[in-house]
Structures are given as structure tokens and as C-alpha cells.
Amino acid sequence: MKKYLAEGIGTMFLVLLACGSAVLAGPSIGGYGIGVCFGLVLICLCYCIGNISGCHVNPAVSFAMWISGKLNSKDFAGYVVSQLIGAVIGAGFLYWFVDMSPEFNFGGVTGANNLATNVLQPGATSGMALLTEILLTFFFVFIILGATDENHGFGKFAGLAIGIALGLVNIVGIPVDNCSVNPARSFGPAVFSPDAFGDFWIMVVGPLVGAAIAVVAWRAVVPYLTKKA
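Everything numeric here is computed off the predicted structure, so don't read it as measured data.

S.K.: Would you mind going over the nonpolar core in detail, with residue names and values included?
M.R.: Leu14, Leu42, Phe140 and Leu166 are the most contacted members of the largest nonpolar core, which has 53 residues in total. Listing elements by their share of this core, those giving two or more residues are α1 (2-53), α2 (59-67), α3 (73-100), α4 (126-147), α5 (158-177) and α7 (200-228). Of the residues forming this core, the biggest block, 16 residues, is contributed by α1. In contact with Leu42, not counting residues within four places along its chain, are Cys55, Val57, Phe140, Ile162, Gly163 and Leu166. Judged by nonpolar contacts, the second largest core, of six residues, contains Leu120, Ala129, Ile202 and Met203.

S.K.: Give me the lowdown on the environment of Pro194, citing residues and values where you can.
M.R.: Looking at the secondary structure, you find Pro194 in the loop between α6 (183-191) and α7. Along the chain, Pro194 and Pro102 lie 92 residues apart, while their C-alpha atoms are 19 Å from each other.

S.K.: Account for the packing of aromatic side chains, naming residues and giving values.
M.R.: Scanning all chains against the criterion turns up eleven aromatic pairs. Measuring from centroid to centroid gives 6.0 Å for Tyr4 and Tyr79, while their planes differ by 85°, and the two rings are edge-to-face. With a gap of 75 residues between them, Tyr4 in helix α1 and Tyr79 in helix α3 connect regions that are remote in the sequence. Each member of the pair, Tyr4 as well as Tyr79, is classed as buried. With a centroid separation of 6.2 Å and an interplanar angle of 50°, the aromatic rings of Phe63 and Trp66 are classed as tilted.

S.K.: Can you break down the packing of α1 against α5 residue by residue, with the values?
M.R.: Relative orientation of the contacting elements α1 and α5 amounts to 155°, with a least axis distance of 8 Å. Classified by the interaxial angle, the pair formed by α1 and α5 is roughly antiparallel. Crossing of α1 over α5 shows right-handed handedness. Contact residues: α1 offers Leu14, Gly31, Tyr32, Ile34, Gly35, Phe38, Gly39, Leu42, Ile43, Cys46 and Tyr47, while α5 offers Ala158, Gly159, Leu160, Ile162, Gly163, Ile164, Leu166, Gly167, Asn170, Ile171 and Ile174. Broken down by class, the residue content of the contact of α1 with α5 amounts to 15 nonpolar, seven polar and no charged.

S.K.: Which residues make up the packing of α1 against α6, and what values go with them?
M.R.: When two helices pack together, their arrangement is given by the angle between their axes and by how far apart the axes lie. α6 packs onto α1 with a crossing angle of 85° between their chain directions and a minimal axis gap of 10 Å. Here α1 lies roughly perpendicular to α6, going by the angle between them. Across from Thr11, Val15, Cys19 and Phe38 in α1, the residues of α6 making contact are Ala184, Arg185 and Pro189.

S.K.: Break down the side chain of Thr132 for me, with residues and values.
M.R.: Inspection of the secondary structure assignment puts Thr132 in helix α4. Residue classification places Thr132 among the buried residues on the basis of a relative accessible area of 14%. Only 2.8 Å separates the side chain of Thr132 from the backbone oxygen of Met128, close enough to count as a polar contact. Here Thr132 is in contact with Gly173 and Val176, once residues within four sequence places are set aside.

S.K.: Tell me about the pattern of salt bridges, residues and numbers included.
M.R.: The final tally for this structure, using the stated rule, is one salt bridge. Between Lys3 and Asp75 there is a salt bridge whose closest N-O contact spans 2.9 Å. On the criterion of sequence distance, the pair formed by Lys3 in helix α1 and Asp75 in helix α3 is long-range, its members being 72 residues apart. Exposure remark for Lys3: the relative accessible area of 31% places this residue in the partly exposed category.

S.K.: So what's going on with α2? Which residues, and what values?
M.R.: Structurally, the α-helix is built with 3.6 residues per turn, so residues lying three or four positions apart point the same way. Counting buried residues along α2, seven of its nine residues qualify, which places the element largely inside the surrounding structure. Pro59, Ala60, Val61, Ser62, Phe63, Ala64 and Met65 are the residues of α2 that are buried. Residue Asn58 occupies the N-cap position of α2, its side-chain oxygen lying 2.8 Å from the main-chain nitrogen of Ala60. Where α2 terminates, the next one or two residues include Gly69, which has phi positive at roughly 85°.

S.K.: So what's going on with a nonpolar patch on the surface? Which residues, and what values?
M.R.: A grouping of Leu24, Val81, Ile85, Ile89, Phe93, Trp96, Phe97, Met100 and Phe104 is seen on the molecular surface, where their side chains present a nonpolar patch of about 850 Å² in accessible area. When residues of the nonpolar patch are assigned to their parent elements, the largest contribution, seven residues, is made by α3. By the secondary structure assignment, Phe93 is in helix α3.

What counts and how
- Residues numbered from 1 in each chain as written.
- Predicted model: local features only at pLDDT ≥ 70, side-chain atom pairs only at ≥ 80, totals over all residues.
- Heavy atoms only, no water.
- Core = buried A, V, L, I, M, F, W, Y, C linked by side-chain atoms within 4.5 Å.
- Buried < 20%, exposed > 50% of the residue type's maximum accessible area, 1.4 Å probe, protein only.
- Helix = DSSP H or I, 4+ residues; strand = E, 2+ residues; numbered from the N terminus.
- Contact = heavy atoms within 4.5 Å.
- Phe/Tyr/Trp six-rings, centres within 6.5 Å; stacked < 30°, edge-to-face > 60°.
- Axes fitted to C-alpha atoms, helices over the stretch in contact; angles between N-to-C directions.
- Parallel < 35°, antiparallel > 145°, perpendicular 65-115°, else oblique.
- Left-handed = near helix turned anticlockwise from the far one by under 90°.
- Nonpolar A, V, L, I, M, F, W, Y, C, P; charged D, E, K, R; others polar.
- Polar contact = N/O pair within 3.5 Å; in protein donor to acceptor, adjacent residues only side chain to side chain.
- Salt bridge = Lys/Arg side-chain N within 4 Å of Asp/Glu carboxyl O.
- Patch = residues over 30% accessible without salt bridge, like charges linked within 9 Å, V, L, I, M, F, W, Y side chains within 5 Å.
- Areas by Shrake-Rupley, 256 points an atom, 1.4 Å probe, with all protein chains shown as cover.

Next up, the structure:
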């Protein structure tokens, strides 16, 4: 239960602070600043709860660990439920901010209720967004698998690589669909912005497919690394 609680709290803060950077400070920091905030929040969480739960705070990451055999089915289900609950609580705080101060210049990057929901940006298509989510999640999860690998990872530096990777994918993906690579991050704000559920399937299918590809790719690379070692 401590692991599940850590995942719930971690995901809550990811949504509250990272999505909050768009909702509360979007006009002043722009897409680049929002991406940096996502990365910095995850770095902090990695070094806070990484030794407790692994700091997945993302169903796509938990899915990758599950199909890799690093997470059993019980914990996979517990992690995902905790992440979704945490995301809803974090988004709830943001909704509270918006509701209590309607005159504030909220900057939720194009999204229903200014909650930084994952919706297609002007000119983007569903196919474009789906491919973006698959490729960006592939990169993100591939970095996680490599940085945390028991034999080839980088130990205490893993959190830095993982956080930087999340920041990079957000900087690239925000102009397309506000960048998800995390179904829980998408689910939380969507609960308070029902219109966002129209594109929600992309934020689930894309990250899960990308995570699966990352696992296959890492397994293809590991034998080579083992031989070299």
C-alpha cells in the first residue's frame, strides 16, 4: 500500500505542478517553460519516491514494466488505479483554482476549461497526434528502461535522464496535442473537462503502443550490450 500511496501522491503532484505550470503560468513561460516544468517535477519525484515505488507516476511506464516482467499483475493494477486517482485529485485542485478566480489570466494551453487538457491543437489531425504520442512515448520509456537497467543503467543519475526526457518530449509534443505520453496525466484534467474525452483515446493508445515498442527495442539492444560487456 505504501507503494500505491507513493504513486498516487506522485501523480497528483505531477498533474498539479506540471499541468499547473500551463494553467497558472502558461502565458508567461510558454511551451518551452511548461516542458521544463514537466521535466523538473519528474526529477524531484524520482529522487523522492523512486526508492519506494520506482516513481512510475504513469500507466504507460507501469505497462512497460509489467510486460518486461519487472512488475507483477497485482502491483500493475494497484499502480494504475493509484495513478488515476492521484491525477484526478491534482486536476481537481487546478479546477478549484480556475473556479475560485474566474478573472485570473489562466493560460491552460488550448483546452477545455483551461486545464491543459490533451486535445488536438489547431491544424493537428488524429493521425498526427497518434504518431506523435507513439514516438514520444517510445523515446521516453526507452530512456527509462536504459537508465534504470540493473546491469547497464546509471544508478543515481537515472532520475536526471528520465526527467530531462519528459521535458524534451513535452517541448516537442505540446504544439500537437499538449503532449500526454501518460494516460493518467490526460485522464485527470479530462474528468473536469468532458469535451476532452473526444481525443482521450489517442492519449491511451499512443502511450501504450509506444511503451510496448520501447520494451521490444530495449530487449533487442540488451544482448548486444551484454556481449560488449
